[in-house]
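# Secondary and tertiary structure notes
Residues per chain are reported as follows:
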Amino acid sequence: MDNRNTFKKTQEVHLSILYYGTPVILLNTLNEDNSTNITPMSSSWALGDRIVLGLSVNGKAIENLKRHPECVVNVPNPSLWKNVEALAPYTGRFPVPDNKKELGFQFLKDKFAVAGLTGIPSKSVLPLRINECPLQIEAKVKHIRIPEEEPSFAVVEVQAIHVHAHKEILIDDSHVDPTKWSPLIYNFRHYFGLGNELGKTFRSEK
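Keep in mind the model is a prediction, meaning the values are calculated, not measured. (Residues numbered from 1 in each chain as written. Predicted model: local features only at pLDDT ≥ 70, side-chain atom pairs only at ≥ 80, totals over all residues. Heavy atoms only, no water.)

Moving on to the pairing of strand β11 (residues 135-145). Sheet analysis places strand β6 (residues 70-75) next to β11, joined by 6 bridges and oriented antiparallel. Counterpart to Val 73 in the pairing with β11 is Ile 137. Here β11 runs beside strand β12 (residues 153-165); their pairing, made up of 10 bridges, is antiparallel. Counterpart to Gln 136 in the pairing with β12 is His 164. (Pairing = 2+ DSSP bridges. Helix = DSSP H or I, 4+ residues; strand = E, 2+ residues; numbered from the N terminus.)

As structure tokens, then:
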């Protein structure tokens, strides 16, 4: 059945969240004692060598980035969803901000241990990378903006300076094999992987 010309009825909705399906990232930032904090998040996009991150102003990540403007953007695959979820109820902020406490968050310093993840040294930044994540992007902060009309979150622009990838997902040193790589997708607070390939854009190089 061809649905291209089938009229679809719609209705206006008032969604409680707009997580309509974006990749999960684990953002590593530097604590005051030079240990690494891990923040699970799903608000990001990339263009060229820039990545834009959306962060709560009440979290440890934005506090760390203001003090030390370096980070690692680790991109997990679907097999790591339980590791990501293990981090979800914890914050690196102490004391826990009231709004986070009301949502059930607890303070935790060593997030690598609770998530079963392994920290490895970065090439040019101080925060550790996450060994289990197939993509690990070292980056430096270029700009932080807190919208006047919505001061509960910050928009952070970072510049990628080194990209590390598991060898098994690569075609060569310039291309990831999309048939071997799948990001973990956060879809209305549920975790998904990618489905079967449907096709490719005319600009695809491989």
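Additional details are given in the paragraphs that follow.
Now for the sheet that holds strand β2 (residues 25-30). On the basis of which strands lie adjacent, the open sheet formed by 7 strands has the order β3-β2-β6-β11-β12-β5-β4 and antiparallel pairing. Of all the strands in the sheet, the pair left with one neighbour each is β3 (36-41) and β4 (44-47). Pairwise comparison of adjacent strand axes, ignoring direction, gives a mean angle of 30° for this sheet. Bridge analysis of β2 against β3 gives 6 bridges, and the strand direction is antiparallel. Bridge pairing in β3 places Leu 27 opposite Thr 39. Contacting β2, β3, β5 (50-56), β6, β11 and β12, helix α1 (residues 60-67) runs over the sheet at an angle of about 45° to β2. (Axes fitted to C-alpha atoms, helices over the stretch in contact; angles between N-to-C directions. Contact = heavy atoms within 4.5 Å.)

Attention now goes to the pattern of salt bridges. According to the stated counting rule, one finds 8 salt bridges in the structure shown. Notably, a salt bridge pairs Arg 50 with Asp 49, separated by 3.3 Å at the nearest N-O pair. (Salt bridge = Lys/Arg side-chain N within 4 Å of Asp/Glu carboxyl O.)

Turning to α1, a few remarks are in order. At 3.6 residues per turn, the α-helix brings residues three or four places apart onto the same side. Looking only at α1, the buried set comprises Lys 60, Ala 61, Ile 62, Asn 64 and Leu 65. Tucked into the core, α1 has its buried residues touching β2, β3, β5, β6, β11 and β12. (Buried < 20%, exposed > 50% of the residue type's maximum accessible area, 1.4 Å probe, protein only.)

Let us look at a nonpolar patch on the surface. On the surface, Val 13, Leu 15, Leu 18, Tyr 20 and Phe 188 cluster together into a nonpolar patch covering about 540 Å² of accessible area. Here Phe 188 lies in the loop between β15 (185-187) and β16 (190-192). On the basis of relative accessible area, Phe 188 is assigned to the partly exposed category, the value being 34%. (Patch = residues over 30% accessible without salt bridge, like charges linked within 9 Å, V, L, I, M, F, W, Y side chains within 5 Å. Areas by Shrake-Rupley, 256 points an atom, 1.4 Å probe, with all protein chains shown as cover.)

What follows covers the sheet that holds β15. Read across the sheet, 3 strands follow the order β1-β15-β16 without closing on themselves; strand pairing throughout is antiparallel. Since the sheet does not close on itself, it has two edges, and those belong to β1 (20-23) and β16, each with one partner. Neighbour-to-neighbour, the strand axes of the sheet open up by a mean angle of 30°, direction not taken into account. The sheet contact formed by β15 and β16 spans 3 bridges and is antiparallel. Bridge assignment links Ile 185 to a residue of β16, and that residue is Phe 192.

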